[in-house]
Amino acid sequence: MTSPIFSDEEIALLSDPSWFRLRARALRELEQLLLRLGEQLRARLAGDGYLRPAEVDLGEGKLAKGDHLEDLPYIYLDLPRSLDEQSLFTFRTLFWWGHEISFSLLLSGRHLSEYRARLLQNLGILEALDVYVSTAESPWDWRRGPGHTLRLSEGERGTLERLFRKQAFLKCSRYLEFNAAEFRQMRIDDAAILSFRALEPLILA
């Protein structure tokens, strides 16, 4: 039986500490950007005025990070935040290594039909703002593409109505790719606030 061996590529990676230091620096910078975003979101949320569950956290939020979102590093900020699957009301800014940054509004609970109705009423505007809706079975699926997300458009109204009959949640997202100017210039907070404002009409009281 042949013993496993490390490949040349693996040996080169394990021998080079510079990549790991660069990774650590980039993640620290991203964490600081999300902390700055948190301050801006708190200021925006201070007036409340949202159609929301009573238990939603509008002030603290949560910043978390890890290394195992499909085996890749991630950092996210949840604000506002309610993660009870029976009353989801969360805006998540998620950096996912090797993918992009996503800005997602996750909703469920007793106001779900109203959120969906507002989405359909604002479909043209949301299409122009490049908003996607999750088509997955779970709101915790962060992948983008066929089987996971659908780009909103007037032509997909029937598809959305069928989707709503199957899902017990609504998840709307915008995306910031790493080659975008806002990302290169560390303006993730600007992109996040724009995304929150784009989705805010769905949740205003």
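This text goes with the structure placed above it.
Predicted model, so just to flag it, every value in this text is computed and none were measured. (Residues numbered from 1 in each chain as written. Predicted model: local features only at pLDDT ≥ 70, side-chain atom pairs only at ≥ 80, totals over all residues. Heavy atoms only, no water.)

Caption draft 1: Up close: the sheet that holds strand β3 (residues 89-96). Reading across from one edge, β1-β2-β3-β4-β7-β5-β6 is the order of the seven strands in this open sheet, with antiparallel pairing throughout. Of all strands in the sheet, those with a lone pairing partner are β1 (62-69) and β6 (149-151), marking the two edges. Each strand of the sheet is rotated relative to its neighbour by a mean of 25°, with strand direction disregarded. Both strand β5 (residues 132-134) and β6 contribute to a ladder of three bridges, which runs antiparallel. Paired with Ser134 across the two strands is Thr149, which belongs to β6. In the packing of helix α3 (residues 112-121) onto the sheet, the strands contacted are β3, β4 (100-107) and β7 (170-176), and the crossing angle to β7 comes to about 45°. Those strands touched by helix α5 (residues 157-166) are β5, β6 and β7, and its axis lies near 30° from that of β5. (Pairing = 2+ DSSP bridges. Helix = DSSP H or I, 4+ residues; strand = E, 2+ residues; numbered from the N terminus. Axes fitted to C-alpha atoms, helices over the stretch in contact; angles between N-to-C directions. Contact = heavy atoms within 4.5 Å.)

Caption draft 2: The arrangement of the pairing of β4 in detail. Counting buried positions over the eight residues of β4 gives eight, a clear majority of the element. By the alternation rule, side chains of β4 split into Glu100, Ser102, Ser104 and Leu106 and Ile101, Phe103, Leu105 and Leu107, which are all buried. By the bridge criterion, eight bridges tie β3 to β4 in an arrangement that is antiparallel. Of the residues in β4, the one forming a bridge with Arg92 is Ser104. Two strands pair when backbone bridges link them, and β4 and β7 are joined in this way by seven bridges, in the antiparallel orientation. What sits directly across from Leu107, in β7, is Leu170. (Buried < 20%, exposed > 50% of the residue type's maximum accessible area, 1.4 Å probe, protein only.)

Caption draft 3: Representation of the packing of helix α2 (residues 17-45) against helix α7 (residues 188-199). Between α2 and α7, whose axes approach to 9 Å, the crossing angle comes to 35°. Like other packed secondary-structure pairs, α2 and α7 cross with a definite hand, here right-handed. Residues Leu30, Leu33, Arg36, Leu37, Gln40, Leu41, Arg44 and Leu45 of α2 form the contact with α7, whose participating residues are Ile188, Asp189, Ala192, Ile193, Phe196 and Arg197. For the contact of α2 with α7, the per-class residue count stands at nine nonpolar, one polar and four charged. (Left-handed = near helix turned anticlockwise from the far one by under 90°. Nonpolar A, V, L, I, M, F, W, Y, C, P; charged D, E, K, R; others polar.)

Caption draft 4: Examining the pairing of β3 more closely. Taken across its eight residues, β3 has eight buried, putting it largely inside the fold. Both faces of β3 are covered, namely the face carrying Phe89, Phe91, Thr93 and Phe95 and the face carrying Thr90, Arg92, Leu94 and Trp96.

Caption draft 5: Molecular detail of a nonpolar patch on the surface. Taken together, the side chains of Phe6, Ile11 and Leu14 make up a nonpolar region of the molecular surface, amounting to roughly 340 Å² of accessible area. Examined against the element boundaries, Ile11 turns out to sit in helix α1 (residues 8-15). A relative accessible area of 41% places Ile11 in the partly exposed class. (Patch = residues over 30% accessible without salt bridge, like charges linked within 9 Å, V, L, I, M, F, W, Y side chains within 5 Å. Areas by Shrake-Rupley, 256 points an atom, 1.4 Å probe, with all protein chains shown as cover. Salt bridge = Lys/Arg side-chain N within 4 Å of Asp/Glu carboxyl O.)

Caption draft 6: How the structure looks around the side chain of Glu100. Of note, Glu100 is situated in strand β4. Given a relative accessible area of 10%, Glu100 falls into the buried group. A distance of 3.0 Å separates polar atoms of two side chains, one belonging to Glu100 and the other to Arg144. Excluding its chain neighbours within four sequence positions, the residues that come into contact with Glu100 are Leu94, Phe95, Arg144, Tyr175, Leu176, Glu177 and Phe178. (Polar contact = N/O pair within 3.5 Å; in protein donor to acceptor, adjacent residues only side chain to side chain.)

Caption draft 7: The arrangement of the environment of Glu60 in detail. Among the secondary structure elements, Glu60 is positioned in the loop between α2 and β1. Residue class for Glu60 comes out exposed when judged on its relative accessible area of 60%. In this structure the C-alpha to C-alpha distance between Glu60 and Ser108, which are 48 residues apart in sequence, comes to 21 Å.

Caption draft 8: Region of the structure containing the environment of Arg44. Position of Arg44 among the secondary structure elements: in helix α2. Not counting chain neighbours up to four residues away, the residues in contact with Arg44 comprise Tyr50, Phe196, Arg197 and Glu200. Separated by 2.8 Å, the side chains of Arg44 and Glu200 make a polar contact.

Caption draft 9: View of the nonpolar core. Leu119, Leu160, Leu170 and Ile203 are the most contacted members of the largest nonpolar core, which has 47 residues in total. Looking at this core element by element, the count peaks at seven residues for α2. If we ignore the near neighbours within four places in the chain, the residues touching Leu160 are Leu119, Leu120, Leu123, Val133, Leu150 and Leu152. (Core = buried A, V, L, I, M, F, W, Y, C linked by side-chain atoms within 4.5 Å.)

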